[in-house]
Amino acid sequence: KNQVEQSPQSLIILEGKNCTLQCNYTVSPFSNLRWYKQDTGRGPVSLTIMTFSENTKSNGRYTATLDADTKQSSLHITASQLSDSASYICVVMEGGADGLTFGKGTHLIIQP
Amino acid sequence: KAGVTQTPRYLIKTRGQQVTLSCSPISGHRSVSWYQQTPGQGLQFLFEYFSETQRNKGNFPGRFSGRQFSNSRSEMNVSTLELGDSALYLCASSGGVVETQYFGPGTRLLVL
(Lines give C-alpha, C1' and ligand atoms only; values in the text may rest on other atoms or scores of the structure.)
Protein backbone atom coordinates (compact mmCIF):
# COMPACT_ATOMS: atom_id res chain seq x y z
CA LYS A 1 0.00 0.00 0.00
CA ASN A 2 1.32 3.44 -0.93
CA GLN A 3 2.14 5.52 2.12
CA VAL A 4 3.68 8.89 2.91
CA GLU A 5 4.92 9.42 6.46
CA GLN A 6 5.89 12.84 7.73
CA SER A 7 7.81 13.77 10.84
CA PRO A 8 7.61 15.41 13.20
CA GLN A 9 3.83 15.77 13.56
CA SER A 10 4.31 19.19 15.07
CA LEU A 11 7.24 21.49 15.69
CA ILE A 12 7.73 24.72 17.62
CA ILE A 13 10.80 26.86 16.95
CA LEU A 14 11.87 30.41 17.63
CA GLU A 15 11.76 33.04 14.93
CA GLY A 16 15.03 33.23 13.02
CA LYS A 17 15.96 29.59 13.60
CA ASN A 18 16.23 26.92 10.89
CA CYS A 19 14.28 23.68 10.81
CA THR A 20 14.00 20.53 8.72
CA LEU A 21 10.86 18.53 8.05
CA GLN A 22 11.02 14.90 6.93
CA CYS A 23 8.99 12.86 4.48
CA ASN A 24 9.38 9.12 3.85
CA TYR A 25 7.34 7.37 1.20
CA THR A 26 6.67 3.92 -0.16
CA VAL A 27 4.88 5.01 -3.33
CA SER A 28 5.92 3.00 -6.35
CA PRO A 29 6.39 3.60 -9.17
CA PHE A 30 7.41 7.15 -8.40
CA SER A 31 6.61 10.13 -10.58
CA ASN A 32 7.20 13.23 -8.49
CA LEU A 33 7.17 14.59 -4.95
CA ARG A 34 5.60 17.87 -3.91
CA TRP A 35 5.73 20.00 -0.80
CA TYR A 36 2.80 22.25 0.05
CA LYS A 37 2.31 24.91 2.69
CA GLN A 38 -1.18 25.32 4.08
CA ASP A 39 -2.13 28.23 6.27
CA THR A 40 -5.04 27.69 8.64
CA GLY A 41 -8.33 28.11 6.82
CA ARG A 42 -6.77 28.36 3.37
CA GLY A 43 -5.98 26.05 0.50
CA PRO A 44 -2.48 24.55 0.13
CA VAL A 45 0.16 26.49 -1.76
CA SER A 46 2.78 24.64 -3.78
CA LEU A 47 6.37 25.13 -2.63
CA THR A 48 8.35 22.68 -4.77
CA ILE A 49 7.89 19.81 -7.20
CA MET A 50 10.72 17.33 -7.74
CA THR A 51 10.99 14.52 -10.23
CA PHE A 52 13.15 11.42 -9.98
CA SER A 53 16.27 13.09 -11.36
CA GLU A 54 16.20 16.12 -9.08
CA ASN A 55 18.05 16.01 -5.77
CA THR A 56 17.40 19.50 -4.51
CA LYS A 57 15.17 22.43 -5.32
CA SER A 58 14.88 25.81 -3.66
CA ASN A 59 12.08 28.33 -3.40
CA GLY A 60 13.30 31.32 -1.46
CA ARG A 61 14.03 30.25 2.11
CA TYR A 62 12.60 26.79 1.42
CA THR A 63 14.91 24.04 0.14
CA ALA A 64 13.63 20.56 -0.60
CA THR A 65 15.83 17.51 -1.08
CA LEU A 66 14.97 14.16 -2.56
CA ASP A 67 16.75 10.81 -2.26
CA ALA A 68 14.87 8.51 -4.61
CA ASP A 69 17.01 5.53 -3.57
CA THR A 70 16.02 5.71 0.10
CA LYS A 71 12.62 7.24 -0.73
CA GLN A 72 13.15 10.18 1.57
CA SER A 73 12.63 13.89 1.19
CA SER A 74 13.23 16.82 3.47
CA LEU A 75 12.10 20.43 3.53
CA HIS A 76 14.56 22.84 5.10
CA ILE A 77 13.39 26.27 6.18
CA THR A 78 16.08 28.87 6.72
CA ALA A 79 15.81 31.90 9.01
CA SER A 80 12.20 31.16 9.93
CA GLN A 81 9.62 33.93 10.04
CA LEU A 82 6.33 34.17 11.89
CA SER A 83 4.53 33.78 8.56
CA ASP A 84 6.07 30.32 8.18
CA SER A 85 3.65 29.05 10.81
CA ALA A 86 1.50 26.58 8.87
CA SER A 87 1.04 22.94 8.02
CA TYR A 88 3.53 21.50 5.55
CA ILE A 89 2.27 18.61 3.49
CA CYS A 90 4.33 16.14 1.48
CA VAL A 91 2.61 14.60 -1.53
CA VAL A 92 3.89 11.85 -3.81
CA MET A 93 2.50 11.21 -7.26
CA GLU A 94 2.56 7.67 -8.50
CA GLY A 95 3.94 6.93 -11.93
CA GLY A 96 1.42 5.81 -14.51
CA ALA A 97 -1.04 8.49 -13.49
CA ASP A 98 -2.62 6.55 -10.65
CA GLY A 99 -3.13 9.33 -8.21
CA LEU A 100 -1.54 11.13 -5.34
CA THR A 101 -0.68 10.00 -1.83
CA PHE A 102 -0.65 12.63 0.88
CA GLY A 103 1.21 12.78 4.16
CA LYS A 104 -0.68 13.94 7.24
CA GLY A 105 1.49 17.04 7.41
CA THR A 106 3.81 18.69 9.92
CA HIS A 107 2.27 21.51 11.92
CA LEU A 108 4.95 24.19 12.35
CA ILE A 109 4.67 27.02 14.83
CA ILE A 110 7.14 29.89 14.82
CA GLN A 111 7.33 31.77 18.10
CA PRO A 112 8.63 35.33 18.43
CA LYS B 1 -4.34 36.64 -13.47
CA ALA B 2 -7.32 35.42 -11.49
CA GLY B 3 -6.79 32.42 -9.23
CA VAL B 4 -8.84 29.27 -8.82
CA THR B 5 -12.37 30.03 -7.69
CA GLN B 6 -14.78 27.69 -5.97
CA THR B 7 -18.47 28.07 -5.30
CA PRO B 8 -20.18 27.98 -2.96
CA ARG B 9 -17.74 28.66 -0.12
CA TYR B 10 -19.99 27.17 2.55
CA LEU B 11 -22.81 24.66 2.35
CA ILE B 12 -25.05 22.90 4.83
CA LYS B 13 -26.94 19.80 3.74
CA THR B 14 -28.76 16.95 5.44
CA ARG B 15 -28.08 13.24 5.15
CA GLY B 16 -29.40 11.68 1.97
CA GLN B 17 -29.29 14.87 -0.05
CA GLN B 18 -26.98 15.45 -2.97
CA VAL B 19 -24.64 18.38 -3.59
CA THR B 20 -22.80 19.90 -6.54
CA LEU B 21 -19.66 21.96 -6.09
CA SER B 22 -18.11 24.11 -8.78
CA CYS B 23 -14.52 25.00 -9.61
CA SER B 24 -13.18 27.46 -12.16
CA PRO B 25 -9.48 26.93 -12.88
CA ILE B 26 -6.87 29.52 -13.71
CA SER B 27 -7.25 30.66 -17.30
CA GLY B 28 -5.31 28.37 -19.61
CA HIS B 29 -5.09 25.48 -17.14
CA ARG B 30 -6.55 22.25 -18.45
CA SER B 31 -6.08 20.03 -15.42
CA VAL B 32 -8.46 20.23 -12.47
CA SER B 33 -8.11 18.02 -9.39
CA TRP B 34 -10.45 17.62 -6.45
CA TYR B 35 -9.48 16.83 -2.87
CA GLN B 36 -11.27 16.17 0.40
CA GLN B 37 -9.71 17.47 3.59
CA THR B 38 -10.79 16.39 7.06
CA PRO B 39 -9.02 16.78 10.41
CA GLY B 40 -8.74 13.03 10.86
CA GLN B 41 -7.70 11.94 7.37
CA GLY B 42 -5.91 15.01 6.12
CA LEU B 43 -5.92 15.71 2.40
CA GLN B 44 -7.21 12.92 0.18
CA PHE B 45 -7.26 12.87 -3.60
CA LEU B 46 -10.65 12.42 -5.22
CA PHE B 47 -10.05 12.68 -8.96
CA GLU B 48 -8.40 14.67 -11.70
CA TYR B 49 -9.83 15.85 -15.01
CA PHE B 50 -7.84 16.88 -18.03
CA SER B 51 -9.48 18.09 -21.24
CA GLU B 52 -12.90 16.85 -20.12
CA THR B 53 -11.62 13.33 -19.33
CA GLN B 54 -11.08 11.79 -15.93
CA ARG B 55 -7.36 11.01 -15.87
CA ASN B 56 -6.86 9.90 -12.25
CA LYS B 57 -9.13 8.63 -9.54
CA GLY B 58 -8.63 8.14 -5.81
CA ASN B 59 -10.24 5.59 -3.52
CA PHE B 60 -13.66 7.10 -2.96
CA PRO B 61 -17.05 5.44 -3.41
CA GLY B 62 -19.11 5.96 -6.53
CA ARG B 63 -21.25 8.53 -4.72
CA PHE B 64 -18.47 10.96 -5.55
CA SER B 65 -18.40 11.94 -9.20
CA GLY B 66 -17.21 14.79 -11.30
CA ARG B 67 -17.05 16.23 -14.74
CA GLN B 68 -15.20 18.88 -16.67
CA PHE B 69 -16.59 21.17 -19.31
CA SER B 70 -15.00 22.37 -22.52
CA ASN B 71 -13.96 25.63 -20.83
CA SER B 72 -12.09 23.55 -18.19
CA ARG B 73 -14.54 24.43 -15.43
CA SER B 74 -15.27 21.42 -13.28
CA GLU B 75 -18.06 20.24 -11.05
CA MET B 76 -18.04 17.64 -8.33
CA ASN B 77 -21.20 15.86 -7.23
CA VAL B 78 -21.80 13.88 -4.07
CA SER B 79 -25.00 11.91 -3.90
CA THR B 80 -26.74 10.42 -0.87
CA LEU B 81 -24.72 12.50 1.57
CA GLU B 82 -23.44 10.93 4.78
CA LEU B 83 -22.33 12.63 7.97
CA GLY B 84 -18.75 11.61 7.19
CA ASP B 85 -18.82 13.66 4.01
CA SER B 86 -18.53 16.81 6.10
CA ALA B 87 -15.20 18.25 5.00
CA LEU B 88 -13.38 20.96 3.15
CA TYR B 89 -13.42 20.21 -0.57
CA LEU B 90 -10.51 21.72 -2.43
CA CYS B 91 -10.03 22.15 -6.12
CA ALA B 92 -6.65 22.70 -7.76
CA SER B 93 -5.68 23.52 -11.32
CA SER B 94 -2.45 23.13 -13.24
CA GLY B 95 -1.18 23.31 -16.78
CA GLY B 96 0.06 19.71 -16.89
CA VAL B 97 1.02 16.64 -14.89
CA VAL B 98 4.31 17.84 -13.45
CA GLU B 99 3.38 21.44 -12.94
CA THR B 100 2.59 23.55 -9.95
CA GLN B 101 -0.94 23.09 -8.71
CA TYR B 102 -2.83 26.14 -7.59
CA PHE B 103 -5.53 25.56 -5.03
CA GLY B 104 -8.79 27.38 -4.60
CA PRO B 105 -10.12 28.49 -1.20
CA GLY B 106 -12.29 25.41 -0.87
CA THR B 107 -15.94 24.68 -0.18
CA ARG B 108 -16.72 23.79 3.39
CA LEU B 109 -19.54 21.24 3.46
CA LEU B 110 -21.41 20.38 6.62
CA VAL B 111 -23.76 17.41 6.56
CA LEU B 112 -26.32 17.29 9.36
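## Some details on the environment of B:Gly42
Residue and element names in this part refer to chain B.
Thought 1: Among the secondary structure elements, Gly42 is positioned in strand β5 (residues 42-50).
Thought 2: Gly42 gets classed as buried once you look at its relative accessible area, which sits at 10%.
Thought 3: In the structure, Gly42 is positioned 30 residues away from Ile12 in sequence and 21 Å away in space, judged by C-alpha atoms.
Thought 4: Gly42 has contacts with Gln36 and Gln37, leaving out every residue within four places of it along the chain.

## Observations concerning the environment of B:Ser27
Residue and element names in this part refer to chain B.
Thought 1: Here Ser27 lies in the loop between β3 (19-24) and β4 (31-38).
Thought 2: You can call Ser27 exposed: its relative accessible area is 60%.
Thought 3: Sequence spacing of Ser27 and Met76 is 49 residues, and the spatial spacing of their C-alpha atoms is 19 Å.

## So, the side chain of A:Thr106
All names here are of chain A.
Thought 1: Of note, Thr106 is situated in strand β11 (residues 106-111).
Thought 2: Residue class for Thr106 comes out buried when judged on its relative accessible area of 0%.
Thought 3: Of note is the side chain of Thr106, whose polar atom sits 2.5 Å from the backbone oxygen of Pro8.
Thought 4: If we skip the residues at most four places from it in the chain, Thr106 touches Gln6, Ser7, Pro8, Gln9, Leu21, Ala86, Ser87 and Tyr88.

## With respect to a nonpolar patch on the surface
Residue and element names in this part refer to chain B.
Thought 1: Residues Ile12, Leu110 and Leu112 make up a contiguous nonpolar surface patch of about 300 Å² in total accessible area.
Thought 2: As for its placement among the helices and strands, Ile12 is situated in strand β2 (residues 10-13).
Thought 3: What makes Ile12 exposed here is its relative accessible area of 59%.

## Remarks on the interface of chain B and chain A
The extent of an interface is frequently quoted as the accessible surface area lost upon association of the parts.
Thought 1: Across the contact, 17 residues belong to chain B and 17 residues belong to chain A.
Thought 2: Between chain B and chain A, roughly 1400 Å² of surface is buried when both sides are summed, and carbon and sulfur atoms account for 60% of that area.
Thought 3: Inspection of the region where chain B meets chain A yields zero salt bridges.
Thought 4: The interface formed by chain B and chain A includes two residue pairs in polar contact (both at pLDDT 80 or more).
Thought 5: Every element with two or more residues in the side of chain B that touches chain A is listed here: β4, β5 and β6 (53-57) of chain B.
Thought 6: By residue class, the composition of the side of chain B that touches chain A is seven nonpolar, eight polar and two charged.

## Quick look at the sheet that holds strand β8 (residues 72-77) of chain A
All names here are of chain A.
Thought 1: The strand order across the open sheet built from five strands is β1-β3-β8-β7-β6, with neighbouring strands paired in antiparallel fashion. A strand with exactly one partner marks an edge of an open sheet, and here the two such strands are β1 (4-7) and β6 (56-59). When the angles between neighbouring strand axes are averaged without regard to direction, this sheet yields 15°.
Thought 2: Across four bridges, the pairing between β6 and strand β7 (residues 62-67) is antiparallel. Paired with Ser58 across the two strands is Thr63, which belongs to β7.

Thresholds applied
- Residues numbered from 1 in each chain as written.
- Chains lettered and ligands numbered in written order.
- Predicted model: local features only at pLDDT ≥ 70, side-chain atom pairs only at ≥ 80, totals over all residues.
- Heavy atoms only, no water.
- Helix = DSSP H or I, 4+ residues; strand = E, 2+ residues; numbered from the N terminus.
- Buried < 20%, exposed > 50% of the residue type's maximum accessible area, 1.4 Å probe, protein only.
- Contact = heavy atoms within 4.5 Å.
- Polar contact = N/O pair within 3.5 Å; in protein donor to acceptor, adjacent residues only side chain to side chain.
- Patch = residues over 30% accessible without salt bridge, like charges linked within 9 Å, V, L, I, M, F, W, Y side chains within 5 Å.
- Areas by Shrake-Rupley, 256 points an atom, 1.4 Å probe, with all protein chains shown as cover.
- Salt bridge = Lys/Arg side-chain N within 4 Å of Asp/Glu carboxyl O.
- Buried area = accessible area lost by both parts, 1.4 Å probe.
- Nonpolar A, V, L, I, M, F, W, Y, C, P; charged D, E, K, R; others polar.
- Pairing = 2+ DSSP bridges.
- Axes fitted to C-alpha atoms, helices over the stretch in contact; angles between N-to-C directions.

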